[in-house]
Amino acid sequence: MAIDLTDFEKGADYDGDYDAELARLQQRIARIQAAHIIHGKSAIVAIEGWDASGKGGVVQRLTALWDPRYYEVWPTAAPTEEERDRHFLWRFWKRLPGKGEINIFDRTWYGRVLVERVEGFCSEADWKRAYDEINEFEAQQKDSGVTIVKLFLHITQTEQDKRFQHRLADPWKRWKTGTDDYRNRARRADYLKAYDKMFERTDTRWAPWKVVDANNKKGARMAALSYVADRLQASVDMEPLEADPEVVALARSAFGDPG
């Protein structure tokens, strides 16, 4: 079924004990990360969405209890000169997760068919070819045992404007907004067209898109984290390892037999 972003604009209030339920969900996610570490399973969480849609808030809460040695967050900015001289996927190959790692991309390789397409930073031939290149890239990750979770956070123009105004009014949040936000806002229709084509061409069985109604922040965080947890848990053995007999023997020698 085709993805229609207008289906994700209710922004209903979160009905539940947000703090308690978030804490339980984060504990679950911490165990899922531990399972990835001990079983050597790797994963990618790729997050796209409108400016001010809450991507950073989702990342913060997703990683709140994670061991920092086994994950990396990659915020994707405009490519450097060195990166522009190479294939657009080159910089992402260097940031893929190793054994037991989960890497998060705050914006992704989809920039080629989104901002680079809309703003004319690449040729039409480049972005049209990129759909197949992206699908093949993601299939290669899946075939090598890497789980791919793709999220898109959707907000309406009205909600985005409220968040832009709030950021500008708060001295400690002004750094989050800049001229690019307003340039992108002015071309919302063009971005909607690009998003529609992105979903049509890259919503694959091995790397499906999950659209989250992000018009309510609490609801969006819980929906996004729950989906990530479900996808990651389904791809890893959740049985913990038996205690190492050598370590057990050393512990008994150090502390005595617990009886």
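Going by the structure above, here's the rest.
Residues numbered from 1 in each chain as written. Predicted model: local features only at pLDDT ≥ 70, side-chain atom pairs only at ≥ 80, totals over all residues. Heavy atoms only, no water.

Undergrad: Residues and numbers for the sheet that holds strand S4 (residues 146–154), please.
TA: Across the sheet, five strands lie side by side as S2-S3-S1-S4-S5; this open sheet has parallel pairing. The strands lining the two open edges of the sheet, one partner per strand, are strand S2 (71–75) and strand S5 (209–213). Direction aside, neighbouring strands of the sheet carry axes that sit 20 degrees apart on average. Across five bridges, strand S1 (residues 42–49) lies against strand S3 (residues 102–106) in parallel orientation. Bridged to Val 45 within S3 is Ile 104. Strands in contact with helix H6 (residues 124–143) are S1 and S4; relative to S4, the strand with the most contacts, it is inclined by about 135 degrees. Along the sheet, helix H9 (residues 188–202) contacts S1, S4 and S5; its crossing angle with S4, the most-contacted strand, is approximately 150 degrees. (Pairing = 2+ DSSP bridges. Helix = DSSP H or I, 4+ residues; strand = E, 2+ residues; numbered from the N terminus. Axes fitted to C-alpha atoms, helices over the stretch in contact; angles between N-to-C directions. Contact = heavy atoms within 4.5 Å.)

Undergrad: A description of the packing of H6 against H9 should follow, citing residues and the corresponding values.
TA: Interhelical geometry of H6 versus H9 gives an angle of 45 degrees and a closest axis separation of 10 Å. With respect to H9, the element H6 is oriented oblique. Along this stretch, H6 crosses H9, giving a crossing that reads as right-handed. Of H9, the residues touching H6 (which contributes Tyr 131, Asp 132 and Asn 135) are Lys 197, Met 198, Arg 201 and Thr 202. Partitioned by chemical class, the residues of the contact of H6 with H9 number two nonpolar, two polar and three charged. (Parallel < 35°, antiparallel > 145°, perpendicular 65-115°, else oblique. Left-handed = near helix turned anticlockwise from the far one by under 90°. Nonpolar A, V, L, I, M, F, W, Y, C, P; charged D, E, K, R; others polar.)

Undergrad: Quick one: what's the story with a negative patch on the surface, residue by residue and with numbers?
TA: Taken together, the side chains of Asp 4, Asp 7, Glu 9 and Asp 196 define an acidic patch exposed on the protein surface. Its location among the elements puts Asp 4 in the segment before helix H1 (18–39). Overall, Asp 4 belongs to the partly exposed group, its relative accessible area being 36%. (Patch = residues over 30% accessible without salt bridge, like charges linked within 9 Å, V, L, I, M, F, W, Y side chains within 5 Å. Areas by Shrake-Rupley, 256 points an atom, 1.4 Å probe, with all protein chains shown as cover. Salt bridge = Lys/Arg side-chain N within 4 Å of Asp/Glu carboxyl O. Lys, Arg positive; Asp, Glu negative; His and termini not counted. Charge placed at Lys NZ, Arg CZ, Asp CG, Glu CD. Buried < 20%, exposed > 50% of the residue type's maximum accessible area, 1.4 Å probe, protein only.)

Undergrad: Now, about the packing of aromatic side chains: what can you tell me, with residues and values included?
TA: Taken as a whole and assessed by the stated rule, the structure comprises 16 aromatic pairs. Centre to centre, the rings of Phe 92 and Trp 109 are 5.4 Å apart; their planes meet at 80 degrees, and the pair counts as edge-to-face. Placement of the pair is Phe 92 in helix H4 (residues 90–93) and Trp 109 in the loop between S3 and helix H5 (115–118), with a sequence separation of 17 residues. A relative accessible area of 1% places Phe 92 in the buried class. (Phe/Tyr/Trp six-rings, centres within 6.5 Å; stacked < 30°, edge-to-face > 60°.)

Undergrad: Break down the nonpolar core for me, with residues and values.
TA: Judged by nonpolar contacts, the single largest core of 59 residues is most densely connected at Trp 109, Phe 152, Tyr 195, Met 198 and Phe 199. Of all the elements, helix H10 (residues 217–234) adds the most residues to this core, at eight residues. For Met 198, the contacting residues outside a window of four places in its chain are Tyr 110, Val 113, Leu 114, Tyr 131, Phe 152, Asp 203 and Trp 209. (Core = buried A, V, L, I, M, F, W, Y, C linked by side-chain atoms within 4.5 Å.)

Undergrad: Could you give an account of the packing of H1 against H10, naming the residues involved and the relevant values?
TA: Relative to each other, H1 and H10 sit at 25 degrees, their axes nearing to 10 Å. Viewed along their axes, H1 and H10 adopt a mutual orientation that is roughly parallel. Seen from above, H1 lies across H10 with left-handed handedness. Between H1, through Tyr 18, Glu 21, Leu 22, Leu 25, Gln 26, Arg 28, Ile 29, Ile 32 and His 36, and H10, the contact on the second element is made entirely by Lys 218, Arg 221, Met 222, Leu 225, Ser 226, Ala 229, Asp 230, Leu 232 and Gln 233.

Undergrad: Got a sec to walk through the pattern of salt bridges? Specific residues and values, please.
TA: Scanning the model with the defined rule gives 20 salt bridges in all. The partner of Arg 187 in a salt bridge is Glu 119, and the shortest N-O contact between them spans 3.7 Å. Of the two residues, Arg 187 is situated in the loop between helix H8 (179–185) and H9 and Glu 119 in the loop between H5 and H6; the sequence distance between them amounts to 68 residues. Glu 119 sits in the buried class, given a relative accessible area of 17%. The residue Arg 129 makes a salt bridge to Glu 133 at a minimum N-O spacing of 3.5 Å. Taken as a pair, Arg 129 and Glu 133 lie in helix H6 at a separation of four residues, close to a single helical turn. Judged by its relative accessible area of 18%, Glu 133 is buried.

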